[in-house]
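The primary structure of each chain is shown beneath.
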Amino acid sequence: MVELRARWDGLVPGPGELADELITRYVERTRRAYRDQYLDIVLTALESFIQLSTDPASVRLAAWFHRAVHEPGGTAAEDAEASARLAERLLPQYGVAPIRVAEVARLVRLTGELAAPPTDSYAPPRRDANGDVLLDAVNAILSADPVRYAVHVAEVRRDAGERRSALEQRYDDIRELLDGHLYRTQLARQRLSPVARVNLETELAGLDSELPAPWRGWQQAALTATATFCAIGSTVVAIAATGASWQIPTAPGAPGWPPVALAVLAFISAPVLFRCARSSSQRACLIAGAVLATAVTGLLIAWAQAPRTNPAVGVGLRVPLLIAALLLLLLSGGAALAGSLLRTKTARFLPSRNLGQQLAWLAVPGVVALTLLLIVQPLARNYVLSTNERVERSPRPAGLATPSALNGTIAWVSKASLGTGAEEAISTQYGIAIPRPNGVVDMLDAATGDLRWRYSRSDSDERPTIAATGDGEYVLAEFPDVGYLLLDANTGQRKAAWPGRTRDHLIQQAQPLLTGERALHGSDKLHGLNPNGHERWSFEPGDCSDLDAAASMDTVVAFLGNCGDQPDAMVGLDLKSGKKLWTKAATDTYRRPVVAGGLVVVAEPGGDSDVPQALTAIEPRTGEIKWRWPVPQTWSCRTLLNPAGRYLIVVDCPGPSTSENRHTVVTAVDTGTGRTAWQVTARVDPRAKVTVTPDGRVISLSRDAEACWANIIERAGFRQVRLPLGITCSRDAFAVGDQVLVTGDNAVIALR
């Protein structure tokens, strides 16, 4: 107190009653904070800056009065207002001039708001030298000795009242101080600011451990993690792009360095952007901005240099992968820049890693990985699929096919199409689909042979494999190196591309749709799919490496073989759900299952011969054997089984399988009774490939020295029809429904 009394001498003329009254106020017992030690620190610091003021006496008096009135739990603004009024009341009693009294009161009121202006933004139109000096002196407590500062902090907390609200208010006050300049004068900034920031950040760290704030700082952590892992994701995608082509077919001399350079840049950027996102320096912002600008420039170049597609040139997978890698790098640089700016403005100090930050660091890499798998990869594939496809359409509606009576005349001839053959045609509800080389599928009008639509791909130069599915509503086309695409049979528009995990499945049966999966290790698998490739169910029998299946409209019958120590078996599965309905042991491996009349008919092996011992019909829903049809022992060729309405058409040869044998026997088995409905033997080469119409006609082609002939074996007997010129007799006939197609000179011909 003596030291404080000595500092008063000379401030006000006359005896020191006013000094004694003020000192008494600072040391009274009811006061918990801002006591005499606090006033001593303020007055000591003030003498270091007083030369910067224009009215030292007013500044000193304001320092004495600024906390002369203090109520426990009161705010700085309340204390400043009450203290200013006290000065206005007392100072005139001691002969202080009114102009000075007004200045002292004004300065005291300034101490009600101690927060300094934000960083690099303090530029008032006119400097207040007296106010700046006073406020810097009042804030000198922030740079006190750490022990003295800790005592001051404890006093302020005890004085504030309820602990939780006091801690939260103190936390917000310190964050506000740290987000701006602590001092207004340059001299105070140089002398006091470093120590003051250490004290405040130490206190803030302690407050953070006391306050229940498990989520504080998650934004900063999320931005830092995004900057880091997006750069890593960009590296992975760029590396994947190195193995893909820029265009299809690959142009000779095409540069391969861009994806490598991008991968290196992204790899180097990951740790750099990690540091930038955690730094508030101008350099960090510049580096993040440079990465951002590089990614934008790369995107513009990649977009400008993307190949322009035509029937001979397609876009390769490298284009979308490079664009995706650049977008990830763009996101990485943007996150680093945002993190740096956030740290500069509102997060100059981050607490110790808490639950929110830890979850952010765990969640962001998961989100990036899922983005790569579920968004980037599908989008890249869909970009290639969409860019490389084209559909040519005719507005005419689909016509109805006229059944072929096979009278030796022609119903129609399609337009010349190189590489087109009738034997690969399929029937749909809207016409006849035919695959062609160079990745083309044509849909012909069944009534006229005119082209209804053409689907082609620039990224395929091979003939696709096609099948009708969805009750003839769709064409399922397998393009090499592309996978299965689902085309609308009416319009030719692509409805779906099979997911990556199903695109390489083997088609077991297209209607209903079943696929098989051959396993290198373990068991083969059977899958029930929707036409768009999405899996309804999967069946894995165990250790069976030989799995075959046939499906009726509601049931799948699977035949299991090579099951290790387990015997061969048959299993019935529900077509919609894949639920197992029944299981039965099989005495031997059944072969060549077909569905006829709602039954699954299989061939019982007959030793090493291609001729089965018997044909067995299985009721698919129960597994019950409905009938067994013994195959004549004299038959010796490969037995062919074809469904035709309620009949099963069996084709074989009635004698030794030699080049001298020129006879074919056709038998129609009634699937309802298992008995022979009719049988015809004809002088037709048994080695000729046959096609069977739904009404039971068995048709093949043969040539002699004079002409090309159609051989028709039917219930009424055998007949031959001479075909017109222009038909390629060396290629097989094909029945599409009751319409018979043959091949001409790069064209498909329908027989009348």
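Residues numbered from 1 in each chain as written. Predicted model: local features only at pLDDT ≥ 70, side-chain atom pairs only at ≥ 80, totals over all residues. Heavy atoms only, no water.

1. Observations concerning the sheet that holds strand β3 (residues 389-393)
At step 1: Pairing within the open sheet is antiparallel, and its five strands lie in the order β3-β8-β7-β6-β5. Unpaired on one side and paired on the other, β3 and β5 (426-428) mark the two borders of the sheet. When the angles between neighbouring strand axes are averaged without regard to direction, this sheet yields 20°.
At step 2: In this sheet, strand β8 (residues 451-457) lies alongside strand β7 (residues 440-444) in antiparallel orientation, the contact comprising five bridges. Opposite V440, over in β8, you have S456 as the bridge partner. (Pairing = 2+ DSSP bridges. Helix = DSSP H or I, 4+ residues; strand = E, 2+ residues; numbered from the N terminus. Axes fitted to C-alpha atoms, helices over the stretch in contact; angles between N-to-C directions.)

2. Looking at the side chain of S340
At step 1: Relative to the helices and strands, S340 resides in helix α14 (residues 318-345).
At step 2: In terms of polar contacts, S340 uses its side chain to reach the backbone carbonyl oxygen of S279, at 2.8 Å.
At step 3: Setting aside its immediate chain neighbours within four residues, S340 contacts C276, A277, S279, S280, S281, A284 and C285. (Polar contact = N/O pair within 3.5 Å; in protein donor to acceptor, adjacent residues only side chain to side chain. Contact = heavy atoms within 4.5 Å.)

3. Points about the state of the cysteines
Such a bond, covalent and formed between the sulfur atoms of two cysteines, is termed a disulfide.
At step 1: Using the criterion set out here, one finds two disulfides in the structure.
At step 2: The residue that forms a disulfide with C708 is C729, at a sulfur-sulfur distance of 2.0 Å. A torsion of 80° about the S-S bond marks the disulfide between C708 and C729 as right-handed. Placement of C708 in strand β31 (residues 708-714) and of C729 in the loop between β32 (717-722) and β33 (734-736) is noted, with a sequence separation of 21 residues between them. In this structure, C708 and C729 share a single accessibility class: buried.
At step 3: The cysteine C276 is free of any disulfide, with C285 supplying the nearest cysteine sulfur at 8.3 Å.
At step 4: You can call C276 buried: its relative accessible area is 4%. (Disulfide = S-S within 2.5 Å. Buried < 20%, exposed > 50% of the residue type's maximum accessible area, 1.4 Å probe, protein only.)

4. Some words on the sheet that holds strand β16 (residues 535-539)
At step 1: With antiparallel pairing, the four strands of this open sheet are ordered in space as β13-β14-β15-β16. What marks the edges here is a single partner per strand, and that holds for β13 (506-509) and β16. Recorded for the sheet is a direction-independent mean angle of 30° between the axes of neighbouring strands.
At step 2: Here strand β14 (residues 514-517) runs beside strand β15 (residues 525-529); their pairing, made up of four bridges, is antiparallel. Residue pairing across strands places G516 opposite L526, the latter belonging to β15.

5. Structural notes on the pattern of salt bridges
At step 1: Counting across every chain of the model gives 25 salt bridges.
At step 2: In this structure, D55 and R100 form a salt bridge, with 3.2 Å as the shortest nitrogen-oxygen distance. On the criterion of sequence distance, the pair formed by D55 in the loop between α3 (36-49) and α4 (56-65) and R100 in helix α6 (residues 98-110) is long-range, its members being 45 residues apart.
At step 3: The partner of R518 in a salt bridge is D524, and the shortest N-O contact between them spans 2.8 Å. (Salt bridge = Lys/Arg side-chain N within 4 Å of Asp/Glu carboxyl O.)

6. Brief notes about the nonpolar core
At step 1: Counting 64 residues, the largest nonpolar core has W8, L18, W64, F65, L91, L142 and L200 as the members making the most contacts within it.
At step 2: The element contributing the most residues to this core is α3, with eight residues.
At step 3: Beyond its immediate chain neighbours, meaning those up to four positions away, W8 contacts G16, L18, A19, L22, L61 and W64.
At step 4: Grouped together as the second largest cluster of nonpolar side chains are 40 residues, A221, C276, L299 and V315 included. (Core = buried A, V, L, I, M, F, W, Y, C linked by side-chain atoms within 4.5 Å.)

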